Amino acid sequence: LRSLEVGRAGWGFDGKDLGEMSRSDLEGILRIPKPQRIFALVDAFAAGMTVDDIFKISAYDPWFLQQMKDIFDAAGELKLMKSASLEPKDWLRFKSMGFSDVQLGFLFGETETEVRQARKKANVKPVYKTVDTCAAEFEAFTPYLYSSYDSTQAWGEEVAE
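Residues numbered from 1 in each chain as written. Predicted model: local features only at pLDDT ≥ 70, side-chain atom pairs only at ≥ 80, totals over all residues. Heavy atoms only, no water.

**Here we look at the overall build of the chain**
Then step 1. When helices and strands are tallied, the chain shows seven helices and two strands.
Then step 2. Each helix (α) and strand (β) of the chain, taken in turn from the N terminus, gives the series α-α-α-α-α-α-α-β-β.
Then step 3. Across the 161 residues of the chain, 36% fall into the buried class.
Then step 4. Working note: accessible area of the chain is about 9900 Å², and carbon and sulfur atoms make up 54% of it.
Then step 5. Distance between charge centroids for the chain: 4 Å, based on 20 positive and 26 negative side chains. (Helix = DSSP H or I, 4+ residues; strand = E, 2+ residues; numbered from the N terminus. Buried < 20%, exposed > 50% of the residue type's maximum accessible area, 1.4 Å probe, protein only. Areas by Shrake-Rupley, 256 points an atom, 1.4 Å probe, with all protein chains shown as cover. Lys, Arg positive; Asp, Glu negative; His and termini not counted. Charge placed at Lys NZ, Arg CZ, Asp CG, Glu CD.)

Right, here's the structure in full:
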């Protein structure tokens, strides 16, 4: 969601969530497909709504909602931690779930810079992979790259900072 360029650091947990509102207002936001509806899921889970509750209102796929609930639950774990206490396996877990350094900083009560320094100290860096933009029909001369936090490097030998 960071690539939407809507001023968010990811899916919630960046100090820009909608905040407390009545259940009927929240249901109204979830019911009507609009660009900001995805961000209301954070507030729905925070208000105690279940995956099934949200599915009945929004028609989001239950599998998708469960994945989002898992991220929401992980954020609850992160609020009890500090960046210095994370092991490399923990960093990889949370980064592979999609948490940005900004979000982690918000949840830890730290700055983005402090989080990035702690992550780098744990030697956890992104790897870069390619998307075959030509569907293997012919060679792509301008490949599209994306970063990921998994264990294999697919593009070049150096990991960019």
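**Side note on the environment of Phe39**
Then step 1. Examined against the element boundaries, Phe39 turns out to sit in helix α2 (residues 37-46).
Then step 2. Taking the C-alpha atoms as reference points, Phe39 and Phe13, 26 residues apart in sequence, are found 9.9 Å from one another.

**A word on the side chain of Ser58**
Then step 1. Mapped onto the secondary structure, Ser58 falls in helix α3 (residues 51-58).
Then step 2. Among the polar contacts listed, one links the side chain of Ser58 to the backbone oxygen of Ile54, at a separation of 2.7 Å.
Then step 3. A polar atom in the side chain of Ser58 sits 3.1 Å from the backbone nitrogen of Tyr60.
Then step 4. Not counting residues within four places of it along the chain, the set of residues in contact with Ser58 comprises Leu30 and Arg37. (Polar contact = N/O pair within 3.5 Å; in protein donor to acceptor, adjacent residues only side chain to side chain. Contact = heavy atoms within 4.5 Å.)

**Thoughts on the layout of surface pockets**
Then step 1. Here the second largest pocket defines a volume of roughly 270 Å³.
Then step 2. Along the walls of the second largest pocket sit 15 residues, with Val42, Asp43, Ala46, Ala47 and Phe72 positioned nearest its centre.
Then step 3. At the level of elements, α2 and α4 (62-78) are the ones that each hand at least two residues to the lining of the second largest pocket.
Then step 4. A breakdown of the residues in the lining of the second largest pocket according to their chemical character gives nine nonpolar, two polar and four charged. (1 Å grid on protein atoms, 1.4 Å probe; cavity = no way out; pocket = protein on both sides within 12 Å on 5 of 7 lines; lining within 4 Å. Points joined across faces, edges and corners; volume = space filled by probe spheres on them. Nonpolar A, V, L, I, M, F, W, Y, C, P; charged D, E, K, R; others polar.)

**Digging into the packing of helix α6 (residues 101-108) against helix α7 (residues 112-121)**
Then step 1. Two numbers describe how α6 lies on α7: the axes approach to 8 Å, and their chain directions differ by 105°. Considering their axes alone, α6 and α7 lie roughly perpendicular with respect to each other. For the pair α6 and α7, contact is made by Asp101, Val102, Leu104, Gly105 and Phe108 and by Glu112, Val115, Arg116 and Arg119, respectively.
Then step 2. Considered class by class, the residues forming the contact of α6 with α7 number four nonpolar, one polar and four charged. (Axes fitted to C-alpha atoms, helices over the stretch in contact; angles between N-to-C directions. Parallel < 35°, antiparallel > 145°, perpendicular 65-115°, else oblique.)

**A few points about the nonpolar core**
Then step 1. In this structure, Trp11, Phe13, Leu30, Leu41, Trp91 and Phe99 are the most contacted members of the largest nonpolar core, which totals 35 residues.
Then step 2. Contributing elements (two or more residues each) for this core: α1 (23-31), α2, α3, α4, α5 (88-96), α6 and α7.
Then step 3. Discounting residues that sit within four places of it in the chain, Phe13 has contacts with Val42, Ile71, Phe72, Ala75, Phe99, Gln103, Phe106 and Leu107. (Core = buried A, V, L, I, M, F, W, Y, C linked by side-chain atoms within 4.5 Å.)

**Observations concerning α5**
Then step 1. Residues of α5 that are buried: Asp90, Trp91, Phe94 and Lys95. Buried residues in α5, looked at end-on, bunch into an arc of 125°, giving them a common side. Relative to its buried face, α5 has exposed residues pointing more than 90 degrees away, namely Lys89 and Ser96.
Then step 2. In this structure, the buried side of α5 is in contact with α4, α6 and α7. (Arc of directions from axis to C-beta.)

**A word on the confidence of the model for the chain**
Note that predicted coordinates carrying low pLDDT should not be read in detail.
Then step 1. Scored by pLDDT, the chain has a mean of 87; 90% of the residues are at 70 or more.
Then step 2. Taking the mean pLDDT of every element in the chain, the minimum, 81, falls on strand β2 (residues 144-148) and the maximum, 97, on α3. (pLDDT = per-residue confidence, 0-100.)

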